[in-house]
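Per-entry structural report
The primary structure of each chain is shown beneath.
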Amino acid sequence: MIVWVNGAFGSGKSTLVDELRPRRPEALVYDPEMVGYVLREIVEVPAGDFQDLRLWRRQVADLAVGLVEEYRRPVLVPMTLVNPGYVGEIFGALKDAGITVHHFFLKVPQEVLEKRIDGRSFTPDDPEQDERVRRWCKDRIEPCMAAVDTLPSDTVFLDGELPPQELADQVLNRIGGGPDR
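Residues numbered from 1 in each chain as written. Predicted model: local features only at pLDDT ≥ 70, side-chain atom pairs only at ≥ 80, totals over all residues. Heavy atoms only, no water.

**Some thoughts on the state of the cysteines**
Here, disulfide denotes a covalent bond that connects the sulfur atoms of two cysteines. The line we're drawing: For this text, the term disulfide refers to a pair of cysteine sulfurs within 2.5 Å. Burial here depends on accessible area, computed with a 1.4 Å probe over protein chains only, as a share of the maximum for the residue type. Under 20% is buried, over 50% is exposed, and the range in between is partly exposed.
Counted according to the given criterion, the structure contains zero disulfides. No disulfide involves Cys-137; its sulfur sits 9.5 Å from that of Cys-144, the nearest cysteine. Since its relative accessible area comes to 4%, Cys-137 is described here as buried. Given the relative accessible area of 3%, Cys-144 is considered buried.

Right under this line is the structure:
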């Protein structure tokens, strides 16, 4: 089983997964951004977004399948994924492998997302790079919000302004773990 936590940058994906982790200690946490960072060291990413690399999408799906098959444990995935073609490609590969995917999307108003992004430091030793990353994240808020209607029909939408504990309870109730599991 894969629990994919989706949403715009700053929506609380990693925070929610951090809240789920101790409640499901057997679960593995898999951040597909790490695959992107590795690829960025090897090949050029022309548009600046490693999701545009077909190899990234293939590797993300292959590694997720491998983690489930090899370790027989739930996998928690905090990752923004809103391009309908890319969602179909990755989730299709997971489905073809017989893996259940619980897809959650954290909905958060744009002004809240911008405030959260402004409050983060991505590269503290390089203020100029830090600002570039913030701008990049903010530039993707609108496309993320616009893509909501294109997500798979079984996507569960959550109010990303709720406390992480409450969100984790909702996720666990949905996937059959309950908050007291």
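**Brief notes about the environment of Gly-85**
This is how the line gets drawn: Put simply, DSSP marks the helices as runs of H or I at least four residues long and the strands as runs of E at least two long, and each gets a number from the N terminus on.
Inspection of the secondary structure assignment puts Gly-85 in helix H4 (residues 84–96). A residue is classified by how much of its surface remains accessible, and Gly-85, at 43% relative accessible area, is partly exposed. It is 9.7 Å that separates the C-alpha atoms of Gly-85 and Thr-150, two residues lying 65 residues apart in sequence.

**Remarks on helix H6 (residues 127–139)**
Using the following cut-off: Expected helix span is taken as 1.5 Å per residue step, with the number of steps being one fewer than the number of residues. For this quantity, the arc is that covered by the directions from the helix axis to the C-beta atoms. Contact definition: two residues touch when any of their heavy atoms are within 4.5 Å.
Taking 1.5 Å of rise per residue, the 13 residues of H6 would be expected to cover 18 Å, and the 18 Å separating its terminal C-alpha atoms lies within 8% of that figure. Within H6 the residues assigned to the buried category are Asp-130, Arg-134, Cys-137 and Lys-138. End-on view of H6: buried residues confined to an arc of 95 degrees, all on one side of the axis. Against the buried residues of H6 lie helix H5 (110–118) and helix H7 (141–146).

**Here we look at the nonpolar core**
Rule in force here: What makes a nonpolar core is a set of buried Ala, Val, Leu, Ile, Met, Phe, Trp, Tyr and Cys residues whose side-chain atoms join them at distances within 4.5 Å.
Counting 40 residues, the largest nonpolar core has Ile-2, Trp-4, Trp-56 and Ile-90 as its most contacted members. Among the secondary structure elements, those contributing two or more residues to this core are strand S1 (2–7), helix H2 (33–42), helix H3 (54–71), strand S3 (75–78), H4, strand S4 (101–107), H5 and H7. It is H3 that contributes the most residues to this core, seven residues altogether. In terms of nonpolar packing, the next biggest core, distinct from the first, is built from 16 residues, Leu-20, Phe-104, Leu-106 and Val-171 among them.

**Focus on the pattern of salt bridges**
Stated precisely, the cut-off is as follows: We define a salt bridge as a side-chain nitrogen of Lys or Arg found within 4 Å of a carboxyl oxygen belonging to Asp or Glu.
If you walk through the whole model with that rule in mind, you get eight salt bridges. Among the ionic pairs, Arg-23 bridges to Glu-19, the shortest N-O distance being 3.0 Å. Within this structure, Glu-19, Arg-23 and Asp-169 form a network of salt bridges that share partners.

**Remarks on the sheet that holds S3**
What counts here: Any two strands with at least two DSSP-identified bridges between them are counted as paired.
Spatial ordering of the open sheet is given by S2-S3-S1-S4-S5, a layout of five strands whose pairing is parallel. Each edge of the open sheet is held by one strand with a lone partner, namely strand S2 (28–29) and strand S5 (156–159). Two elements, S1 and S3, share four bridges in a ladder whose sense is parallel. Across the sheet, residue Trp-4 finds its bridge partner in S3, namely Val-77.

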